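# Descriptive structure summary
The residues making up each chain are set out below.
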Amino acid sequence: QVQLVESGGGLVQAGDSLRLSCAGSGRTFSSYAMGWFRQAPGKEREFVAAITITGGSTAYGDSVKGRSTISRDNAKNTVYLQMNSLKPEDTAVYYCAADSQPFRWLRNPRAVDFGSWGQGTQVTVSS
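The following refers to the structure shown. (Residues numbered from 1 in each chain as written. Predicted model: local features only at pLDDT ≥ 70, side-chain atom pairs only at ≥ 80, totals over all residues. Heavy atoms only, no water.)

### Thoughts on the state of the cysteines
For the structure shown, the criterion picks out one disulfide. C22 shares a disulfide with C96; S-S distance 2.1 Å. When the S-S torsion is -75 degrees, as for the bridge of C22 with C96, the disulfide is left-handed. Of this pair, C22 sits in strand β3 (residues 18-25) while C96 is found in strand β9 (residues 92-99), placing the two residues 74 residues apart along the sequence. Residue classification places C96 among the buried residues on the basis of a relative accessible area of 0%. (Disulfide = S-S within 2.5 Å. Helix = DSSP H or I, 4+ residues; strand = E, 2+ residues; numbered from the N terminus. Buried < 20%, exposed > 50% of the residue type's maximum accessible area, 1.4 Å probe, protein only.)

Structure, rendered in structure tokens:
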């Protein structure tokens, strides 16, 4: 089990950028693909981005593709989500998650594939 803590959320204006961080604990952090999801009020949890254990491959949800970059630093047990050109519809609680199984990569990650979750960080984009 990987314990995860997100940070970096806040209130920003449309067009601004924001970088979210997710700090993981445990020696096995580098064994798991990592992902970011988000959930807006009244909506289902939505896939945002995912990254392989080495960082060599990434995947993005259609709503953020081209505006966001996921990265990781295994030496620091941290995964990042850089979001640019933010829109009001990006407003949501953003969650960091670790794959439920080590050493695998799913081409179409779903929330059910991830077994460890952080508490979430609120991102609010004003128009």
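### Description of the pairing of strand β7 (residues 68-73)
Side chains of β7 alternate between two faces, with S68, I70 and R72 buried and T69, S71 and D73 left unburied. Pairing geometry for β7 and strand β8 (residues 78-83), over six bridges, is antiparallel. Bridge pairing in β8 places D73 opposite T78. A loop of four residues connects β7 with β8, the two strands running antiparallel in sequence, and N77 in this loop sits at a positive phi of about 50 degrees. (Pairing = 2+ DSSP bridges.)

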